[in-house]
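# Notes for the structure review
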Amino acid sequence: MPDLTPILRRVSQLCESLESDADLREEIERAGFPSENWEELAAAIRAGSADALTDLLDAVEDAAADAGLDGVTGPNREYKPLPSDRPDGLGGFRTVSGWRCPHPYRCGRAYAAVDPSPIRRCAVTGDALTWISVESG
């Protein structure tokens, strides 16, 4: 089975892009990504189909580029250190809670949160995200 990590990063970025811009999906459709392809994309995400995902994400990116939009499926990462109570920056145990991608082949997208309500949803498939807590020390 191929490594899905780079493809799922693209899914994560698309999901984040769609969630942050209510008009993006419509813009992509107007630029040439047919509305029925969203259902195909959702099915490919759920199945973890590398070839189908790559083709569909490339089609989304092409349509976005035709609409003058850049990086709709391109991942971007940012480092933010956890807060610390100690002057040396090394805290004790920390619990981080939040929402993560619910699919068997997860895109890696996550939202840190304190409150599990309201339920967040995947902007591509509409599936409810999974609430998780991770403890580290």
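As a starting point, this report considers the structure included with it. (Residues numbered from 1 in each chain as written. Predicted model: local features only at pLDDT ≥ 70, side-chain atom pairs only at ≥ 80, totals over all residues. Heavy atoms only, no water.)

### With respect to the pairing of strand E1 (residues 94-100)
Across a regular strand the side chains alternate sides, sitting on one face of the sheet and then on the other. Relative to strand E3 (residues 130-136), E1 runs antiparallel, the two being bridged by seven bridges. Pairing of Gly-98 across the sheet is with Ile-132, part of E3. When E1 meets strand E2 (residues 110-112), the two strands line up antiparallel, connected through three bridges. Considered in E2, the bridge of Arg-100 is made with Ala-110. (Pairing = 2+ DSSP bridges. Helix = DSSP H or I, 4+ residues; strand = E, 2+ residues; numbered from the N terminus.)

### Remarks on the packing of helix H3 (residues 36-47) against helix H4 (residues 50-66)
Contact geometry for H3 and H4: axes closest at 9 Å, N-to-C directions at 140°. Classed by the angle they form, the pair H3 and H4 counts as oblique. Crossing hand, H3 versus H4: left-handed. Residues Asn-37, Glu-40, Leu-41, Ala-44 and Ile-45 of H3 touch H4, and the partners they reach there are Ala-52, Leu-53, Leu-56, Leu-57 and Val-60. For the contact of H3 with H4, the residue count by class is eight nonpolar, one polar and one charged. (Axes fitted to C-alpha atoms, helices over the stretch in contact; angles between N-to-C directions. Parallel < 35°, antiparallel > 145°, perpendicular 65-115°, else oblique. Left-handed = near helix turned anticlockwise from the far one by under 90°. Contact = heavy atoms within 4.5 Å. Nonpolar A, V, L, I, M, F, W, Y, C, P; charged D, E, K, R; others polar.)

Worth remembering: the numbers are spatial, not functional.
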